[in-house]
Amino acid sequence: MAQKLILTSLVIFLSLLLETSLAKNNSQTMTYIESSCHGTLYPNLCIRCLNKFSNSTINGPQHLAHIALSVSLSKALQTRGYLLKVTKELQTINHNNKRMYLTVQDCVNQINDSVDQLSQAIKELKRLNQSSTIISDKVLWHISNVETWVSTALTDASSCVQSLPGHRMSKRVAMIKVKAKNVAEVTSNALALFHSYASRYRQQAARTTKKP
């Protein structure tokens with residue numbers, strides 16, 4: 001009986017110890033996310049999008065940039081799905097505003113391009129992860145590729161937002177604008193987080209170049 005009581009107490013103690021450890025790790029991860037997001041244009045959105053990963057271990061700025069890009073891709077995919085649904089609805093209903101239909105169709109193409117570019121950026125980041133951590137032309141080339149893909153994705157999403165009217169919108173068009181704007185903003189944040197990660201390589205490259 002005493003042995004069983006000791007075993008039960010030990011299990012409870014280990015459970016409490018594990019919970020305390022997890023809570024500490026979660027707190028540290030959340031602090032890291034918040035401090036990193038403060039360097040973005042939309043810090044509150046950045047924190048909201050990434051706080052769901054606070055239960056995970058984030059292994060530095062590259063891992064965080066990868067997560068942010070994945071979030072951006074997910075938002076772009078969701079928006080593309082919504083836009084495709086809207087264009088089908090516009091095709092089936094009797095409407096006189098052909099110009100609006102063409103504008104929405106342009107947005108479909110732009111967000112679709114953003115999906116492709118963000119997918120390429122994530123693949124390129126994985127290749128960068130496989131490269132040596134020592135600064136080299138190959139590493140800088142991978143960094144430049146990621147920045148190019150993400151910047152282009154941001155431009156396309158922003159173009160979709162700017163192509164839509166600023167006032168007197170239908171509910172459908174207003175929703176498109178909100179979704180496209182969200183894609184642009186999370187992509188902007190992902191780019192800022194990647195810039196933060198890439199800066200250490202550029203600083204290292206600059207120091208190497210200065211050496212005689």
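Parameters and conventions
Residues numbered from 1 in each chain as written. Predicted model: local features only at pLDDT ≥ 70, side-chain atom pairs only at ≥ 80, totals over all residues. Heavy atoms only, no water. Helix = DSSP H or I, 4+ residues; strand = E, 2+ residues; numbered from the N terminus. Buried < 20%, exposed > 50% of the residue type's maximum accessible area, 1.4 Å probe, protein only. Areas by Shrake-Rupley, 256 points an atom, 1.4 Å probe, with all protein chains shown as cover. Phe/Tyr/Trp six-rings, centres within 6.5 Å; stacked < 30°, edge-to-face > 60°. Lys NZ or Arg CZ within 6 Å of the ring centre and 35° of its normal. Disulfide = S-S within 2.5 Å. Salt bridge = Lys/Arg side-chain N within 4 Å of Asp/Glu carboxyl O. Core = buried A, V, L, I, M, F, W, Y, C linked by side-chain atoms within 4.5 Å. Contact = heavy atoms within 4.5 Å. Polar contact = N/O pair within 3.5 Å; in protein donor to acceptor, adjacent residues only side chain to side chain. pLDDT = per-residue confidence, 0-100.

**Regarding the overall build of the protein**
Turning to step 1, where the next piece is worked out: Across its full length, the protein holds 6 helices and 0 strands.
Turning to step 2, where the next piece is worked out: Relative to its 212 residues, the protein shows a buried fraction of 38%.
Turning to step 3, where the next piece is worked out: In the form shown here, the protein has an accessible surface area of approximately 12,900 Å², with 56% of it arising from carbon and sulfur atoms.

**Thoughts on the packing of aromatic side chains**
Turning to step 1, where the next piece is worked out: Counting across every chain of the model gives 1 aromatic pair.
Turning to step 2, where the next piece is worked out: Here the aromatic rings of Phe194 and Tyr197 are separated by 5.7 Å at their centres, their planes lie at 55 degrees, and the arrangement is tilted. Remark: Tyr197 and Phe194 occur in helix H6 (residues 171-210); sequence separation between them is 3 residues, near one turn of the helix. For the pair shown, Phe194 and Tyr197 are each scored as buried.
Turning to step 3, where the next piece is worked out: Of note, Lys179 hangs over the ring of Tyr82, and the distance from its end group to the ring centre comes to 5.2 Å.

**Here's the deal with the environment of Gly166**
Turning to step 1, where the next piece is worked out: Along the chain, Gly166 turns up in the loop between helix H5 (137-163) and H6.
Turning to step 2, where the next piece is worked out: Residues Gly166 and Lys177, 11 residues apart in the sequence, show an inter-C-alpha distance of 9.3 Å.

**Regarding the state of the cysteines**
Turning to step 1, where the next piece is worked out: Considering all chains together, one arrives at 2 disulfides under this definition.
Turning to step 2, where the next piece is worked out: Covalently, Cys37 is tied to Cys46 through a disulfide, its sulfur atoms 2.0 Å apart. Handedness here is read from the sign of the S-S torsion; for Cys37 and Cys46, about -65 degrees, the answer is left-handed.
Turning to step 3, where the next piece is worked out: The buried category is assigned to Cys46, whose relative accessible area is 4%.
Turning to step 4, where the next piece is worked out: Note on cysteine connectivity: Cys107 is disulfide-linked to Cys160, with sulfurs 2.1 Å apart. Taking the sign of the S-S torsion, about 105 degrees here, the bridge from Cys107 to Cys160 comes out right-handed. In this pair, Cys107 sits in helix H4 (residues 98-130) while Cys160 sits in helix H5, placing the two residues 53 residues apart along the sequence.

**Considering the pattern of salt bridges**
Turning to step 1, where the next piece is worked out: Inspection of the entire model under this criterion finds 3 salt bridges.
Turning to step 2, where the next piece is worked out: A salt bridge links Arg127 to Glu124; the shortest N-O distance between them is 2.6 Å. Separated by 3 residues within a single helix, Arg127 and Glu124 lie in helix H4, roughly one turn from each other.

**Re the nonpolar core**
Turning to step 1, where the next piece is worked out: Of all hydrophobic cores here, the largest spans 55 residues; its most connected members are Leu50 and Phe194.
Turning to step 2, where the next piece is worked out: The element contributing the most residues to this core is H6, with 13 residues.
Turning to step 3, where the next piece is worked out: Not counting residues within four places of it along the chain, the set of residues in contact with Leu50 comprises Ile33, Cys37, Leu64, Ile67, Ala68, Val71 and Leu193.

**Side note on the side chain of Gln117**
Turning to step 1, where the next piece is worked out: Here Gln117 shows up in helix H4.
Turning to step 2, where the next piece is worked out: Note on Gln117: relative accessible area 11%, which makes it buried.
Turning to step 3, where the next piece is worked out: Side-chain polar atoms of Gln117 contact the backbone nitrogen of Ala153, separated by 3.1 Å.
Turning to step 4, where the next piece is worked out: Sequence-distant contacts of Gln117, that is, excluding residues within four places in its chain, are made with Trp149, Thr152, Ala153 and Asp156.

**Concerning the confidence of the model for the protein**
Turning to step 1, where the next piece is worked out: Mean pLDDT for the protein: 81, with 78% of residues reaching 70 or above.
Turning to step 2, where the next piece is worked out: Within the protein, no element has a lower average pLDDT than helix H1 (residues 2-37), which sits at 57, and none a higher one than helix H2 (residues 43-50), at 95.
Turning to step 3, where the next piece is worked out: The model gives residues 5-24 a pLDDT under 50, and that stretch makes 0 contacts with residues more than four places away or in other chains.

**Section: the side chain of Asn189**
Turning to step 1, where the next piece is worked out: You can see Asn189 is positioned in helix H6.
Turning to step 2, where the next piece is worked out: Residue classification places Asn189 among the buried residues on the basis of a relative accessible area of 3%.
Turning to step 3, where the next piece is worked out: Those residues within four positions of Asn189 in sequence are excluded, and the remaining contacts are Thr40, Leu41, Tyr42, Leu45 and Cys46.

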